[in-house]
Amino acid sequence: MQFTYYGHSCFAVNVGGKKLLFDPFISANSLAQHIDIQSIRADYILVSHGHGDHIADVVAIADNTGATVIGAFEVVNWLANKGVKKTHGMNFGSYGFDFGRLSFVPAWHSSSMPDGSYGGNPGGFVVVSADGNFYYSGDTALMMDMQLIPHYAQLDFAVLPIGGNFTMDATDAVKAAGFIKCDKIVGVHYNTFPPVVVDVNKVKDIFKMADKELVLPAIGEQVDL
Ligand code: NI
Ligand code: MN
């Protein structure tokens, strides 16, 4: 699967001939100023929760691309009120899309919209497709519910936060990798702002010691996973 990193927790994966863009936060990310959001194509935009560092560019990119925005019912309704034309609201559960089967699964975090309105429950996504399977946890602490993820799919890779403070750090992400039975982890949600700055060499050591593969693409880099 073709994977492109756009910084923080924003990335795109091509599956089933569709481009899925997750949690777009680019124009307000000082580390991603070389990315032009006008150049980003997407068929679907998947939103894990309502926080600004996950939805900042949803309206602009949905407008540019005509993408369908998928997320918690409360989050996509709020975005529809901001001008997003095509939305698909979910709660925790699974639905068959043209790119594959998508499960919206719990995350241990919080969710409110930038204006303070209710953002439903925060979540993550499991994508099961003919091209492969992956899990994006969204912002979350380590939690026992992750042990249910292998029930949805045998994962080819997973995207997990490693920045700590608001989410798991590398030590917890390694434990999560065990819970979800996946040895190839893309680390996200780090270095964007002071509370999530990490020592990347230390993070790499933590994964190496646990015998897990850690992928840290540069912002704008495309990798095959
Ligand atoms: Ni958050
Ligand atoms: Mn966040």
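Residues numbered from 1 in each chain as written. Chains lettered and ligands numbered in written order. Predicted model: local features only at pLDDT ≥ 70, side-chain atom pairs only at ≥ 80, totals over all residues. Heavy atoms only, no water.

J.: Account for the coordination of the nickel ion (ligand 1), with residues named and values stated.
T.: The nickel ion (ligand 1) binds to the protein through His49 (NE2), His51 (ND1), His109 (NE2) and Asp139 (OD); the donor distances cover 2.2 to 2.4 Å. Around the nickel ion (ligand 1), the four donor atoms are arranged such that angles at the metal cover 88 to 177 degrees; this shape is classified as irregular. For the nickel ion (ligand 1), all donor residues lie on one chain, and their spacing in sequence is H-x1-H-x57-H-x29-D. The distance between the nickel ion (ligand 1) and the manganese ion (ligand 2) is 3.1 Å, with aspartate 139 acting as a donor to both metals. Accessibility expressed as a relative area gives 1% for histidine 49, which makes it buried. (Donors = N, O, S within 2.8 Å, 3.2 Å for Na, K, Ca; no water. Tetrahedral: all angles 85-135°; square planar, octahedral: opposite > 155°, others 65-115°. Buried < 20%, exposed > 50% of the residue type's maximum accessible area, 1.4 Å probe, protein only.)

J.: Mind laying out the environment of valine 128, listing which residues take part and the relevant values?
T.: With respect to the helices and strands, valine 128 occurs in strand β9 (residues 123–129). Between the C-alpha atom of valine 128 and that of proline 217, which follows or precedes it by 89 residues, the distance is 23 Å. Discounting residues that sit within four places of it in the chain, valine 128 has contacts with Gly100, Arg101, Asn133, Tyr152 and Ala153. (Helix = DSSP H or I, 4+ residues; strand = E, 2+ residues; numbered from the N terminus. Contact = heavy atoms within 4.5 Å.)

J.: Go over the sheet that holds strand β8 (residues 100–106) with me, naming the residues and quoting the values.
T.: Strand order in the open sheet made by the seven strands is β7-β8-β9-β10-β11-β12-β13, with mixed pairing throughout. At either end of the open sheet lies a strand with only one pairing partner, and these are β7 (93–97) and β13 (213–215). Strand-to-strand twist in this sheet, taken as the mean axis angle between neighbours without regard to direction, amounts to 20 degrees. Bridging between β8 and β9 involves six bridges; their strand directions are antiparallel. In the sheet register, phenylalanine 104 faces β9, and the bridge partner there is phenylalanine 125. (Pairing = 2+ DSSP bridges. Axes fitted to C-alpha atoms, helices over the stretch in contact; angles between N-to-C directions.)

J.: Quick rundown of the sheet that holds strand β14 (residues 222–224)? Include the residues and the values.
T.: An order of β6-β5-β4-β3-β2-β1-β14 is seen for the seven strands of this open sheet, with the pairing classed as mixed. At either margin of the open sheet sits one strand with a lone partner, and together these are β6 (87–90) and β14. Shown here is a sheet whose adjacent strand axes are inclined to one another by a mean of 20 degrees, direction ignored. Pairing of strand β4 (residues 44–46) with strand β5 (residues 68–72), which is carried by three bridges, proceeds in the parallel orientation. Among the inter-strand pairings, leucine 46 is bridged to a residue of β5, identified as isoleucine 70. Contacts between helix α3 (residues 73–81) and the sheet are confined to β5 and β6, with β5 contributing the most and set at about 140 degrees to the helix.

Any link to function would need more than the numbers given here.
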